[in-house]
Amino acid sequence: MTQRLARPRRFATAASACLALAACGELSVEAPPTATTPLRTLAARRGIAIGAATGSTFQRADAIGDTLRAILAREFDMVWSGNFLKFSTLRPTATTWDFSWADSMVAFAQAHAMTVRGHTFVWHNQIPSWLAGGTWTSAQVDSILADHIATVMAHFNGKIRIWDVVNEAVDDNALRRTTFWSAALGPGYIERAFRLARAVDATALLFYNDYNIEGSGAKSDTVYAMLADLKSRGVPVDGIGMQGHFIVGQVPGLSALLANFARFAQLGLKIEITELDIRMPVPATGLNLFQQSLDYRTVVNACLQTPACDAVELGGVYDGDTWVPSTFPGMGAPLLYDESFHPKPAYGAVNDLLAGN
Ligand code: XIL
């Protein structure tokens, strides 16, 4: 396929890419199977969107990048921005902006009739060092945040309709996280961020996004109480993003997922599974790949059975490009396609489920 990319090297043929990247022996690049009905076609019939993150493979101008982009466009009708819209990506220095990869992602999405989820304005990670290491007054940080949200939303001018306004504000002990933003702006920073985003774009869908909140538990309770409070005070939060970073065999049961989704829905929130991946010890065993297929089915089924759930987005397309091995040593294989772009049992399970089987 001929996707225009802004920065990377381009290769005329798969063979030249192989030679240049010394990757020929490691990766078999094949045309993906076309016999099954794509996930996006099936998901649309069921009334949900199905998405995946753009990662570093999206940026490759070679046969591997082409394969990834072909699968992305064929199987998914939504992308989420991975690292492309994080603060440190967009603003490497205090005076420079870099929208190049985000722009190429949005152009790709538009060319393939995909919606885009923007991630993220306020997060404790991937804040550039000029900002995190600076000495600022509260008013200065507020003005930097206001300028950031206004500039980014204006840049896309309505082409990104869904935003993770605040990401991961609750820690693993179910307490409000102390971060650069909370330290500078006080506990009202979450409300402030949502109000800033709404003031710039009256109709964008504004989400709070977090992990380990998919089923019941203390962290889910804290996030629920926080969102109930924000909603009761008229803060413009439209949805809850549940990241869905799971370990194989440890996905909450369907009834736990449904009960938890239902209480968030009762607050008037849309629900999306935003970064779904289900990791396992590597090398993968057949048993774990089978369990993973059951686990994927459970999570996607919970969305299908929840009227307020309108999208499932995966943490990536294939096992060759995922944050899991570097973050959880010894773990991997969390996605629907393996490292050679072959669909895994989990792909078949999700496809079957969406097809109504
Ligand atoms: C991860 C990216 O996938 C990595 O490439 C990066 O090095 C660190 O961040 N929750 C989130 C995502 O909201 O932004 C994180 O993404 C994974 C956890």
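Thresholds applied
Residues numbered from 1 in each chain as written. Predicted model: local features only at pLDDT ≥ 70, side-chain atom pairs only at ≥ 80, totals over all residues. Heavy atoms only, no water. Helix = DSSP H or I, 4+ residues; strand = E, 2+ residues; numbered from the N terminus. Buried < 20%, exposed > 50% of the residue type's maximum accessible area, 1.4 Å probe, protein only. Expected span 1.5 Å × (residues − 1). Arc of directions from axis to C-beta.

J.: Please explain unusual backbone geometry as it appears in this structure.
T.: Glycine aside, residues mostly have negative phi, and peptide bonds are mostly found in the trans state. Note the cis peptide between histidine 119 and threonine 120, where omega equals 5°. Along the chain, threonine 120 turns up in strand E3 (residues 115–122). Valine 282 connects to proline 283 through a cis peptide bond whose omega is 0°. In this structure, proline 283 sits in the loop between strand E8 (270–281) and helix H12 (286–304). Of note in this structure, glutamate 168 is not a glycine but carries a positive phi near 60°. Within the secondary structure, glutamate 168 sits in the loop between strand E4 (162–167) and helix H8 (180–185). We classify glutamate 168 as buried; its relative accessible area is 8%. Even without being glycine, phenylalanine 341 reaches a positive phi, approximately 70°. Overall, phenylalanine 341 belongs to the buried group, its relative accessible area being 4%.

J.: Is there a simple way to explain helix H10 (residues 218–232) in this structure?
T.: Every α-helix winds through 3.6 residues per turn, so residues three or four apart in the chain are directed the same way. Taking 1.5 Å per residue as the helical rise, H10 with its 15 residues ought to reach 21 Å, and the 21 Å between its terminal C-alpha atoms agrees with that figure. Of all the residues in H10, the buried ones are Lys219, Ser220, Val223, Met226, Leu227 and Leu230. Take H10 and look down its axis: the buried residues cluster within an arc of 130°, on one side only. Seen from the open side of H10, the exposed residues pointing more than 90 degrees away from its buried face are Ala218 and Ser232.

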